[in-house]
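Secondary and tertiary structure notes
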Amino acid sequence: MIDVTVENFEAEVVAASMNVPVLVDFWAPWCGPCKSLGPVLEKLETAYDGRFKLVKIDSDQEQQLAGMFGIRSIPTCVLLMNGQPVDGFMGALPEGQVREFLDKHVPTAEEVVAEAEEEEALEALAEGDTGTALEKLQHAVVTDPSNDDVRFDYVKLLLQLGREDDAKVAFAPVIAKAPASRKLGALKAWMDALDFVAASAYGESAGAEFDEKIAANKRDFDTRFARARWLMADQRWTDAMDELLEILMRDKAWGEELARKTYVSILEIIEPPKVKVADGQIPPDDPVVATYRRRLSSVVLS
């Protein structure tokens, strides 16, 4: 718990809420209900172990801040996330009701642990330590099975390492969500390509076979798409997108836009994690992803 004034409001409330929910307790020394609510809030801040931050504002001493939030009675609590008020309550609620209020917005302990594990995994990957990254992502998925972003990173790494069976097991709990999720749909497209290549028994010589068929008929879209999937299975992403562009340049709607959808899936797969930058700055785009996004837009909008 920290006392906030006009001088430290920006740092302790607005900036802090970009990283963790901030609960602002407007109170006054003479307010009886404030004296009963205060200890409850402080107890919960400790119990939630950093999952939200509690600050107190004396509405008598800081009338400018009270006016900014339209405070008309105290105690009043306002929850800020990402720099904006998202919810609040008035009066000295009992502990159970305050918990219910917080649980609507504050991440669970499992979510916090999973997100920390994911961040550590991505850092390990950046350093080339795939073993540590895989271990941390696996633990994150077990800790918070509902976190689809973590599961995406885990299944993606398994596929990159050639562990297709393990990837399918890890993907199974969310396979039904794939049609409605760009990330999960991208993984499904990748695994479908792997299954297609395995079932078709395409080997290293398949490239020459594809080239021969395409040379005979440049509008043989089935062969072009098969070649793109063969390239996907080999993780030759830009070559696969180049082949899909050849389809799109000739027939944007072929196969119910299958070429475009697969192209977008590849962009999702090869998009690297955003690097950390200073507050207010925008992370730079990956040059390969940016280039192929522009190429897709150019073809689709032409």
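Here's a quick rundown of the structure. All figures in this text were calculated on a predicted structure; none of them were measured in a lab. (Residues numbered from 1 in each chain as written. Predicted model: local features only at pLDDT ≥ 70, side-chain atom pairs only at ≥ 80, totals over all residues. Heavy atoms only, no water.)

Here we look at the packing of aromatic side chains
Cut-off, in case you're wondering: In this analysis, rings of Phe, Tyr and Trp, with Trp reduced to its six-membered ring, are considered paired at centre separations within 6.5 Å, and the interplanar angle assigns stacked below 30 degrees, edge-to-face beyond 60, and tilted for intermediate values. Numbered from the N terminus, helices here are DSSP runs of H or I no shorter than four residues, and strands are runs of E no shorter than two. When a residue's accessible area, from a 1.4 Å probe over protein chains only, is under 20% of the maximum for its type it is buried; when over 50% it is exposed; and in between it is partly exposed. Two conditions define a charge sitting above a ring: the NZ of Lys or the CZ of Arg must be within 6 Å of the ring centre, and it must be within 35 degrees of the ring normal.
This model, assessed by the stated rule, comprises eleven aromatic pairs. Geometrically, the ring pair formed by phenylalanine 89 and phenylalanine 101 is edge-to-face, given 5.0 Å between the ring centres and 75 degrees between the ring planes. Residue phenylalanine 89 is found in strand E5 (residues 84–90), and its partner phenylalanine 101 is found in helix H4 (residues 95–103); the two are separated by twelve residues along the sequence. Here phenylalanine 89 matches phenylalanine 101 in class, with each residue buried. Chaining the aromatic ring pairs together yields one cluster made of Phe196, Tyr202, Phe210 and Trp230. In this structure, arginine 229 packs its charged tip against the face of phenylalanine 196, placed 4.7 Å from the ring centre.

Some thoughts on the nonpolar core
This is how it is decided: Definition used in this section: a nonpolar core is a set of buried Ala, Val, Leu, Ile, Met, Phe, Trp, Tyr and Cys residues joined via side-chain atoms within 4.5 Å. Should any heavy atoms of two residues lie within 4.5 Å, those residues are considered in contact.
Val155, Leu159, Phe171, Leu187, Leu244, Tyr263 and Ile266 are the most contacted members of the largest nonpolar core, which has 56 residues in total. Apart from residues lying up to four places away in sequence, leucine 244 is in contact with Phe225, Ala228, Ala259, Thr262, Tyr263 and Ile266. Among the nonpolar cores identified, the runner-up in size contains 19 residues, and Val14, Ala16, Ile74 and Leu80 belong to it.

Re the pairing of E5
Heads up, the rule is: Only strands joined by at least two bridges in the DSSP assignment are considered to pair.
Relative to E5, strand E4 (residues 76–81) runs antiparallel, the two sharing six bridges. Across the sheet, valine 78 pairs through a bridge with glycine 88, a residue of E5. Counted along the chain from E4 to the antiparallel partner E5, the turn is two residues long, and its residue asparagine 82 has a positive phi close to 55 degrees.

A short note on the layout of surface pockets
Cut-off, in case you're wondering: The pocket and cavity definitions rest on a 1 Å grid over protein atoms only: a 1.4 Å probe that fits but cannot leave marks a cavity, an open set with protein on both sides within 12 Å along at least five of seven lines marks a pocket, and residues lining either have an atom within 4 Å of a point. Grid points are joined across faces, edges and corners, and a volume is the space filled by probe spheres set on the points. Ten residue types, Ala, Val, Leu, Ile, Met, Phe, Trp, Tyr, Cys and Pro, are classed as nonpolar, four, Asp, Glu, Lys and Arg, as charged, and the remainder, Gly among them, as polar.
If you add up the space inside the second largest pocket, you get close to 450 Å³. At the level of secondary structure, the elements contributing two or more residues to the lining of the second largest pocket comprise helix H9 (182–200), helix H11 (221–233) and helix H13 (254–270). Considering every element that reaches the lining of the second largest pocket, the biggest residue donor is H9, with seven residues. Taken together, the residues of the lining of the second largest pocket break down into nine nonpolar, four polar and six charged.

Here we look at the sheet that holds strand E1 (residues 2–3)
Applicable threshold: What counts as an axis is a line fitted to C-alpha atoms, over the stretch in contact for a helix, and the angles between N-to-C directions run from 0 to 180 degrees.
With respect to topology, five strands assemble into an open sheet ordered E1-E3-E2-E4-E5, the strand pairing being mixed. Every other strand in the sheet has two partners, leaving E1 and E5 as the edge strands with one partner each. Note: strand E2 (residues 22–27) against strand E3 (residues 53–58), six bridges, orientation parallel. Residue aspartate 25 lies in a different strand from E3, and its bridge partner there is lysine 56. Running over the sheet, helix H1 (residues 6–15) touches E1, E2, E3 and E4 and is turned about 155 degrees from E3. Each of E2, E3, E4 and E5 touches helix H2 (residues 32–47); the most contacted strand, E3, lies at about 155 degrees to it.

Nothing here speaks to function; it is geometry throughout.
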